Amino acid sequence: MADTGTLARIGIDLGGTKIAGAVLDEASIIVEEHRLATPREDYAATLTAIAELVSRLDPGGCLPVGIGTPGSVIPGSGRMHNCNSTWLNGQPLLADLTERLGGRVRIANDADCFALSEAHGGSGAGVSSVFGVILGTGVGGGIVIDGSLLSGPGGLAGEWGHNPLPEFQDPACTALNPVLRSRQCYCGQLNCIETFLSGPGLALTHQQLWGEWATAEVIYRQAAGTVFEWDPDLRVVNSAVQAQSTLSVYCRMLVLGLAQIVNVLDPQVIVLGGGLSKMQTIYEPVQNALSERVFGGRGVTRLRAPVFGDAGGVRGAAWLWDKPRLMQRDIEKDN
Ligand SMILES: [Zn+2]
C-alpha cells in the first residue's frame, strides 16, 4: 500500500525492559524519540512512565497516541491478558491511559504493530496483504489488509503461535518424535507453534536433539557458514553440524507452520520479525520449501526480512492512527 502520509502522531512501544516512544510527522518520518526504563512489576509506575513519555514527546498534549503492548485485551472486559510483562495482566490499561491522556489512545498487540509497521514503508510496502510474524521470546503474528490491521471480535487475528505445530504429520519430523517430545504451552494447549519456533523453543529442540543447552543465538552462530540441508540421520559430528541440524529442523517446522497461513490467507508477503528473524540464512531454504509445501506446490507468497529494526514497534504503534475516521481496532468501543 502506498504511504500517502497522514496526521502527526505518537507511537509507544511498551516493552518489558524499556518504553520507547516517537513522534511521526505527517509524512510518517520519525522526528523525535525518547525512551525510559520500564518500571518492572509496578503497574501504577508504568502508567506514570507512559504519561511522562507522551508529555515529553508532545508537551501540547494534542497528538493521538498508539501503544504496542505485550499480550492483548480480553474482549468484553477491557483488561489485559497473556502479557509476559505480567504486572499488566488483569489491568484495564486502555481505560487507565485514557483517564490520564484523554480519548486519544489506541492500543494493540506488539505483533500487530510490527505487521503494521512493515506494511507501511517496510518489507510489506506496495502489497495488499501482509502477515507479520514475531519470532522472539514468544511467537505472534498480525495481519494487515490494504494497510489496515485485521481484527475480530475475539482479538485473536494473527495469533498463529498458539496453533498446534503439525510436526507429527510430516515425514521429515516423524523420525524425530522419540527425541522431540510433546511440549506444554503456557496457554494450556500442547505443542503450540510458539513452543517450537520461539527462541526458547529452538534452544529446547537443540537440547532434546543433542543433550546440550545453547541459546538460539549461539546455535545460529555455531551453524554460521554452513549450508542448510535436511539430514534425516542427524548424526553427531561436531557442534557446527549439530547446530546446523537443529536449524534445519527449525526451518522445517517454520515451513510447516507458515504453510497453514498461506493455505488460509495466501498473503503476498510474510515478514519475519523478532530476534530470530536475524538468522539471515534461513530465508532462502524456508522460502523454497514453503512454496513447495503449500497446496498445489506453487506458492507465490514472498518471505522477507524486516526493514525496521528496533524502530518497528514505535512506528507500528503510531500507524494504529493511520485512518482516524475508521476505528480499525478501537478497543475503547469494543469494550
Ligand atoms: Zn499456546
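Residues numbered from 1 in each chain as written. Predicted model: local features only at pLDDT ≥ 70, side-chain atom pairs only at ≥ 80, totals over all residues. Heavy atoms only, no water.

1. Quick look at the sheet that holds strand β11 (residues 269-273)
Sheet strands associate in pairs through backbone hydrogen bonding, adopting either a parallel or an antiparallel arrangement.
Item 1. As summarised here, the arrangement of the five strands in space is β10-β9-β8-β11-β12, forming an open sheet in which the pairing is mixed. Every interior strand has two partners, whereas the edge strands, β10 (148-149) and β12 (302-304), have only one.
Item 2. Sheet topology note: the strand β9 (residues 139-145)/β10 ladder contains two bridges and is antiparallel. Bridge assignment links valine 144 to a residue of β10, and that residue is leucine 149.
Item 3. The strands touched by helix α8 (residues 239-265) within the sheet are β8 (129-135), β9, β11 and β12, with β8 carrying the most contacts at an inclination of about 150°.
Item 4. Here helix α9 (residues 283-293) sits on the sheet in contact with β11 and β12, set at roughly 160° to β12. (Pairing = 2+ DSSP bridges. Helix = DSSP H or I, 4+ residues; strand = E, 2+ residues; numbered from the N terminus. Contact = heavy atoms within 4.5 Å. Axes fitted to C-alpha atoms, helices over the stretch in contact; angles between N-to-C directions.)

2. A short note on the sheet that holds strand β1 (residues 9-14)
Item 1. Judged by pairing direction, the sheet is mixed, and its five strands sit side by side in the order β3-β2-β1-β4-β7 without closing on themselves. Bordering the open sheet on either side are β3 (30-37) and β7 (105-109), each of which pairs with just one other strand. If you compare each strand with its neighbour and ignore which way they point, the axes differ by 20° on average.
Item 2. Here β1 runs beside strand β2 (residues 18-24); their pairing, made up of six bridges, is antiparallel. By the bridge assignment, leucine 14 is partnered in β2 with isoleucine 19.
Item 3. Along the sheet face, helix α2 (residues 93-101) touches β1, β4 (65-69) and β7 and points at about 155° away from the line of β7.
Item 4. Relative to the sheet, helix α3 (residues 110-119) contacts β4 and β7, its axis offset from that of β7 by approximately 100°.

3. Quick notes on the packing of aromatic side chains
Each pair of aromatic rings is reported with the distance of its centres and the angle of its planes.
Item 1. Under the criterion given, the structure shown has one aromatic pair.
Item 2. Arranged with centres 6.0 Å apart and planes meeting at 85°, the rings of phenylalanine 131 and tryptophan 160 form a pair that is edge-to-face. One end of the pair, phenylalanine 131, is in strand β8; the other, tryptophan 160, is in the loop between β10 and α4 (171-174), and 29 residues separate them in sequence.
Item 3. The buried category is assigned to phenylalanine 131, whose relative accessible area is 1%.
Item 4. Of note, arginine 9 hangs over the ring of tryptophan 319, and the distance from its end group to the ring centre comes to 4.4 Å. (Phe/Tyr/Trp six-rings, centres within 6.5 Å; stacked < 30°, edge-to-face > 60°. Buried < 20%, exposed > 50% of the residue type's maximum accessible area, 1.4 Å probe, protein only. Lys NZ or Arg CZ within 6 Å of the ring centre and 35° of its normal.)

4. Considering the coordination of the zinc ion
Item 1. For the zinc ion, the full set of protein donor atoms is His162 (ND1), Cys185 (SG), Cys187 (SG) and Cys192 (SG), at a range of 2.1 to 2.3 Å.
Item 2. Viewed at the metal, the four donor atoms of the zinc ion are separated by angles of 106 to 116°, and the geometry they form is tetrahedral.
Item 3. Of note, the donors binding the zinc ion are all from one chain and are spaced H-x22-C-x1-C-x4-C. With histidine 162 in the loop between β10 and α4 and cysteine 185 in the loop between α4 and α5 (193-197), the pair connects residues that are 23 residues apart, well separated along the chain.
Item 4. Given the relative accessible area of 22%, histidine 162 is considered partly exposed. (Donors = N, O, S within 2.8 Å, 3.2 Å for Na, K, Ca; no water. Tetrahedral: all angles 85-135°; square planar, octahedral: opposite > 155°, others 65-115°.)

5. Some points on the nonpolar core
Item 1. Among the nonpolar cores identified, the biggest contains 41 residues, and Leu135, Trp160, Leu197, Leu254, Leu258, Ile270 and Leu272 are the most heavily contacted of them.
Item 2. Within the residue set of this core, elements represented by two or more residues are β8, β9, α5, α6 (199-210), α7 (216-223), α8, β11 and α9.
Item 3. It is α8 that provides the largest number of residues to this core, a total of twelve residues.
Item 4. The residues contacting leucine 272, other than those within four sequence positions of it, are Phe114, Val133, Leu135, Leu254, Ser277, Ile282, Tyr283, Leu303, Arg304, Ala305 and Pro306.
Item 5. Counting 29 residues, the second-largest nonpolar core is a separate cluster that includes Ala8, Leu36, Leu57 and Val105. (Core = buried A, V, L, I, M, F, W, Y, C linked by side-chain atoms within 4.5 Å.)

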